Amino acid sequence: LNVPENPVIPIIHGDGIGQDVGPAAQKVLDAAAEATGRSVEWMRVYAGQSARDKYDENLPDDTVEAIKEFHVAIKGPLTTPVGAGFRSLNVALRQKLDLYANVRPTYHLDGVPSPVKNPGAMDMVFFRENTEDVYAGIEWEAGTDEVQQVKEFVEGEMGFDETMHDGPIGIGLKPISEFGTKRLVRESIDYALENDRDSVTLVHKGNIMKFTEGAFRDWGYEVAEEEYGEDVITEDTLWEEHDGEQPEGTLVVKDRIADNMLQQLLTRTGDYDVIATMNLNGDYMSDAAGAQIGGLGIAPGANFGETRCLAEPVHGSAPKHAGKDKANPTALILSGRLMFEYMGWDDAGKLIRDAVEESISSGKVTYDLERQIEGGEKLKASEFAENVVENIHELS
Ligand code: NAD
């Protein structure tokens, strides 16, 4: 990206705790930009509750257009009602902007308490396909005409006994395309090669969902085998030709079944590196991995399209903590770091990481970490951000 020294960056603070962590993160990003000789001109744009208050709609066109125009943007969480009500605005944004890769780097920061014995082993980057799968939102409520048309067929296929299962049935579709799979897997392999990673693991449940998740695995291997040179090898080749010893400078592409992979996240954490998977698996896995590095208050993410980046943390709007200036802004701050790195501002990104790590390792943390750190000092979201800003000044 050709980014000016003082770019316009759209920002959505978001619902719930977004109102607390949004302004806090903005201060830290400003300080890091300034310390590296730049400045950001923030453009507040709206989605969710703030957009309903201002424009009486959930996701104004102006918001989508601003992100298209400026290419990079950052957002806090947006609330989605369960069951009835509007569909996810996060999903809508990812679809409207064709942000096909949700990338969630998951690494342990020094000093962060963790429920596992060796949290430092966790250093994975999740590439989650962002536009397809059961998240595409193609589903029908029980009793609708569409469901009635296929109800008997579905019940027959499922072997339902009329007398036992004569009740309502909801139906959803799971689209997984060759195009969507290949561009995601390509992105993950390119990233792994550029960042000297050892492996990319395709995670799927292809033993059960053969034509969707199984196809994802097959198309993923096609990318690895047909589009790269000898530097990219499959796990089969690793064993057949190299006796399991990974040659220097190669990237191994392997696959794991999703349920097995979830337990290996805990038991063999260090064996995995970059993960490429579909929407639902990626959502579950990255939250579970986030718990190992200190919880959702820490876990950053960003959505990427061809020439766009919309940074957003893994966590949601945590309504019960909203408006109390207590939620941890680290996840949003580190999402901002990913956005800066996408813009080529690697020095500002590193400064952010070091400054956050300094605050946490000196025990200055928000409520979610304080109760787990002996001698930790509980700060408000805004106070934590101020502390990180002070560290930025000291480190630069
Ligand atoms: P959540 O991530 O909002 O919160 C779960 C729990 O994690 C919270 O109760 C809190 O204990 C902890 N937590 C999360 N973020 C934290 C932070 N920054 N600091 C400290 N603790 C934090 O998940 P949920 O409660 O299942 O979802 C609430 C709403 O958020 C729902 O409407 C959901 O649809 C939405 N959501 C949005 C996004 C997004 O905008 N990308 C992602 C996930 C969930």
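You'll find the structure just up there.
The structure reproduced in this document is the subject of the present report. (Residues numbered from 1 in each chain as written. Predicted model: local features only at pLDDT ≥ 70, side-chain atom pairs only at ≥ 80, totals over all residues. Heavy atoms only, no water.)

Structural notes on the overall build of the protein
A count of helical and extended segments in the protein gives 14 helices and 15 strands. For 396 residues, the compact-globule estimate of 2.2 N^0.38 gives 21 Å, and the protein sits close to it at 22 Å. C-alpha atoms of the protein, sized along the principal axes, occupy 65 × 60 × 45 Å. Nonlocal contacts in the protein, meaning residues at least 24 apart in sequence, comprise 74% of its contacts between residues at least 6 apart. Within the structure as shown, the protein displays about 18,500 Å² of accessible surface, and the carbon and sulfur contribution to it stands at 47%. Between the averaged position of the 36 positive side-chain charges in the protein and that of its 73 negative side-chain charges there is a distance of 6 Å. (Helix = DSSP H or I, 4+ residues; strand = E, 2+ residues; numbered from the N terminus. Rg over C-alpha atoms; globule rule 2.2 N^0.38 Å. Contact = heavy atoms within 4.5 Å. Areas by Shrake-Rupley, 256 points an atom, 1.4 Å probe, with all protein chains shown as cover. Lys, Arg positive; Asp, Glu negative; His and termini not counted. Charge placed at Lys NZ, Arg CZ, Asp CG, Glu CD.)

Quick look at the layout of surface pockets
Looking at the largest pocket, its volume works out to about 1,100 Å³. What lines the largest pocket is a set of 37 residues, among which Thr80, Pro81, Arg87, Ser88 and Val91 lie closest to the centre. A total of five residues in the lining of the largest pocket trace back to one element, the largest contributor, which is helix α4 (residues 89-96). Of the pockets and cavities examined, the second largest pocket occupies roughly 730 Å³. Surrounding the second largest pocket, 23 residues form its lining, Val103, Tyr191, Asn195, Phe304 and Glu341 being those nearest its centre. For the lining of the second largest pocket, the elements supplying multiple residues, two or more each, are β4 (101-107), β5 (123-129), α6 (178-194), β12 (302-304) and α11 (330-342). (1 Å grid on protein atoms, 1.4 Å probe; cavity = no way out; pocket = protein on both sides within 12 Å on 5 of 7 lines; lining within 4 Å. Points joined across faces, edges and corners; volume = space filled by probe spheres on them.)

Here we look at unusual backbone geometry
In this model, Asp196 sits at a positive phi of 50°, which is unusual for a non-glycine residue. Positive phi, close to 30°, is recorded for Ala318, a residue that is not glycine.

Considerations on the site of the ligand
Residues in close proximity to the ligand total 22 residues, the closest being Leu78, Thr80, Gly316, Ala318 and Asn328. Take Gly316: an N or O atom from its main chain is 2.7 Å from an oxygen atom of the ligand. Backbone polar atom of Ala318 to an oxygen atom of the ligand: 2.7 Å apart, as the coordinates give it. About the coverage of the ligand: the protein hides 70% of its 810 Å² of free accessible area. For the shell around the ligand, the secondary-structure elements that each account for two or more residues are α4 and α13 (367-370). Classifying every residue of the shell around the ligand gives nine nonpolar, nine polar and four charged. (Near = heavy atom within 4 Å. Polar contact = N/O pair within 3.5 Å; in protein donor to acceptor, adjacent residues only side chain to side chain. Nonpolar A, V, L, I, M, F, W, Y, C, P; charged D, E, K, R; others polar.)

What to know about the pairing of strand β11 (residues 274-277)
Judged by which residues are buried, β11 turns out to be covered on both faces: Val274 and Ala276 on one side and Ile275 and Thr277 on the other are all buried. Alignment of β5 against β11, held across four bridges, turns out to be parallel. Across the sheet, residue Phe127 finds its bridge partner in β11, namely Ala276. The pairing of strand β8 (residues 199-204) with β11 spans four bridges and is parallel. Opposite Val200, over in β11, you have Val274 as the bridge partner. (Buried < 20%, exposed > 50% of the residue type's maximum accessible area, 1.4 Å probe, protein only. Pairing = 2+ DSSP bridges.)

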